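Fold and geometry: a report
Residue-level listing of the chains:
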Amino acid sequence: MKQDLIQVTSTASAGTSTHRATGALVASVRDLSVHFDTKAGSVHAVDGVSFDIRDGETLGLVGETGCGKSVTARSFLRLVATPPGIYAGGRIDFWSSEAQEAGGGPVNLLTIADDEMLEIRGNRIAMIFQDPSKALNPALSIGDQLAEVFFQHRSNELLAPLGPNVPMIVRRAARQESGQFERIVLQLPPLRSKAAKMRAQVDDLVAGALAETQIPNPRRIMASYPHELSGGMKQRVLIAQALACNPDLLIADEPTTALDVTIQARILNLIAELQQRLGTSVLYISHDLSLVREICDRVAVMYAGRIVETGRTVDLFRQPLHPYTRSLMSAIPSSTSERGRLAAIAGTVPELIDPQPSCRFHSRCPYALEVCREVDPRFLRHDVDHGVACHGHDDPTDLGLRPGDVPTLEPAIQ
Ligand code: SF4
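Residues numbered from 1 in each chain as written. Predicted model: local features only at pLDDT ≥ 70, side-chain atom pairs only at ≥ 80, totals over all residues. Heavy atoms only, no water.

Looking at the overall build of the protein chain
Cut-off, in case you're wondering: By the criteria applied, helices consist of DSSP H or I runs no shorter than four residues and strands consist of E runs no shorter than two, each listed in order from the N terminus. Both definitions apply: the radius of gyration is a C-alpha atom measure, and the globule rule equals 2.2 Å times residues to the power 0.38. Think of it in three bands: residues with accessible area under 20% of the maximum for their type are buried, residues over 50% are exposed, and the middle band is partly exposed, with areas taken using a 1.4 Å probe on protein chains only.
Secondary structure assignment for the protein chain yields 16 helices and 12 strands. Relative to its length of 414 residues, the protein chain is compact, with a C-alpha radius of gyration of 24 Å against a globular reference of 22 Å. Each of the three principal axes of the protein chain carries a C-alpha extent, and together these read 85 × 45 × 45 Å. Here the protein chain holds 414 residues, and the buried ones make up 50% of them.

As for the pattern of salt bridges
The cut-off we apply is this: Whenever a carboxyl oxygen of Asp or Glu lies within 4 Å of a side-chain nitrogen of Lys or Arg, that contact is scored as a salt bridge.
One pass over the full model with this rule turns up 27 salt bridges. Aspartate 93 serves as the salt-bridge partner of arginine 91, at 2.8 Å between the closest nitrogen and oxygen. Note that aspartate 144 is salt-bridged to arginine 199, the shortest N-O span being 3.4 Å. Taken as a pair, aspartate 144 in helix 5 (residues 142-153) and arginine 199 in helix 9 (residues 191-212) lie far apart in primary sequence, 55 residues in all. Judged by its relative accessible area of 35%, aspartate 144 is partly exposed. Assessed through its relative accessible area of 30%, arginine 199 is described here as partly exposed. Via salt bridges that share partners, Asp47, Arg306, Arg360 and Asp376 belong to a single interconnected network.

So, the site of the ligand
This is how it is decided: We define proximity as follows: a residue is near a molecule or strand when any one of its heavy atoms falls within 4 Å of that partner. Each residue is assigned to one of three groups, with Ala, Val, Leu, Ile, Met, Phe, Trp, Tyr, Cys and Pro labelled nonpolar, Asp, Glu, Lys and Arg labelled charged, and all others, Gly among them, labelled polar.
Close to the ligand lie His322, Pro323, Cys359, His362, Cys365, Tyr367, Ala368, Cys372, Cys390, His391 and Pro407, which account for all nearby residues. Tallied by class, residues from the shell around the ligand come to eight nonpolar, three polar and no charged.

A word on the sheet that holds strand 5 (residues 107-108)
Pairing between the strands of a sheet comes from backbone hydrogen bonds, and it takes one of two forms, parallel or antiparallel. Spelled out, the test is: Only strands joined by at least two bridges in the DSSP assignment are considered to pair. We call two residues in contact when some of their heavy atoms are within 4.5 Å. Angles run from 0 to 180 degrees between N-to-C directions of axes, and those axes are lines fitted to C-alpha atoms, restricted for helices to the stretch in contact.
Taken in spatial order, the four strands line up as 2-1-4-5 in an open sheet, and their pairing is antiparallel. What marks the edges here is a single partner per strand, and that holds for strand 2 (41-54) and strand 5. Two strands pair when backbone bridges link them, and strand 4 (residues 85-94) and strand 5 are joined in this way by two bridges, in the antiparallel orientation. Within strand 5, the residue paired with aspartate 93 across the bridge is asparagine 108. Relative to strand 1 (residues 25-38), helix 1 (residues 69-76) is tilted by about 115°, and along the sheet it contacts strand 1, strand 2 and strand 4.

Looking at the environment of aspartate 394
Convention followed: In protein, a polar contact requires one atom able to donate a hydrogen and another able to accept it; more generally it is a pair of N or O atoms within 3.5 Å, and residues adjacent in sequence count only if both atoms are side-chain atoms.
With respect to the element layout, aspartate 394 can be found in the segment after strand 12 (386-389). For aspartate 394, the contacting residues outside a window of four places in its chain are Arg378, Leu380 and Leu399. A distance of 2.6 Å separates a polar atom in the side chain of aspartate 394 from a polar atom in the side chain of arginine 378.

Some remarks on the pairing of strand 3 (residues 58-62)
Along strand 3, five of the five residues are buried, which leaves the element largely enclosed by surrounding structure. Bridge count for strand 3 against strand 8 (residues 281-286) is five bridges, and the pairing is parallel. Across the sheet, residue valine 62 finds its bridge partner in strand 8, namely serine 286. Alignment of strand 3 against strand 9 (residues 298-303), held across four bridges, turns out to be parallel. Counted as the bridge partner of valine 62 is valine 301 from strand 9.

Remarks on the packing of helix 11 (residues 231-243) against helix 12 (residues 261-278)
Which entries qualify depends on this criterion: Here the angle decides the label: under 35 degrees means roughly parallel, over 145 means roughly antiparallel, 65 to 115 means roughly perpendicular, and every other value means oblique. For any pair of crossing helices, the crossing counts as left-handed if the nearer helix is rotated counterclockwise from the farther one by less than a right angle, and right-handed if it is rotated clockwise.
Here helix 11 crosses helix 12 at 15°, and the two axes come no closer than 10 Å. One finds that helix 11 runs roughly parallel with respect to helix 12. Crossing handedness for the pair helix 11 and helix 12: right-handed. Across the interface between the two elements, Gly232, Gln235, Arg236, Ile239 and Leu243 of helix 11 pack against Ile263, Arg266, Ile267, Leu270, Ile271, Leu274 and Leu278 of helix 12.

Below, the structure is given as structure tokens:
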């Protein structure tokens, strides 16, 4: 089942990161629940999700559309609209490199103050969205959009070349806090030269960030507007924006879905190369298991708002434990398979309105028994790094059942 179309290479040398020791936690999600109030009831889009992201690794979060992957990802930056969304429970602990260097511990991203979240968003945690056309503002030039990141998070760097005793009005301009009157005053000498110097400094940083993504002629791109760029170029701009502040965690939410296959491969190579060089941890969201196999160190499989299996990529593909994971793998097209209809998983993801206890995959699972329709499966460790939530891997006596009352799964795909 090796991916046939896309080969992602990692050619970068070892990182120059100032991050924590390899294997340390960057983020820890515990029992995260995000619900949506609707007229029909409460939709449990994310329901008790737990997983960890470690320093420098790429974790793949996979599942069909509507499984709760994007809602999970957006929860890191509190981008779920509330209402109708509700953070119904759980926590997301995040260890920023800056806090660690200052001797601090993790912060719970769901409960920190809004101004703390503003400091983290786009700075320590950045996100690349699915559709670059929708993520960029059509009314602003690329240069102005990228400059916002530096004004927001790197204002000290912009002021450094101006020397000591920088007037407050210029300091406010470096944080984009100027009012209309201040902007007029900044046009007058001697402030005009300082403002121009600062703008030149921003332009250099923006051009440098664009050059990192191997975009040709960055200065020309800075003067362009989004509608003048191709989909691949726009995605490079978003990558430049996301990595401008060397974040600890990059969330890539299906970043290549809107691109054709050749551009997809280049963008994935670029993310892998930058990740290795900068030492950034990546949460990579995708419905494409074959792609995840190529770029991720570990994988978490999500179904109907829950994590059903996690493991190192190599273990998960060698021995998938959950029937849903096996179904996803069977659906990967291969150049060696016979021509004809593509394999599909029968049925659809269930509606998640006020769900009752059960395995949520039971209506599509060929092994389902009575217990699957009535009892939530526990998440069990198969070995240190491989876990699964399925009654077929549970001990029937722990459930008060006899061996024949729990599903007997076929051997895993080897
Ligand atoms: Fe299938 Fe039952 Fe396992 Fe769910 S718990 S995946 S229905 S065997």
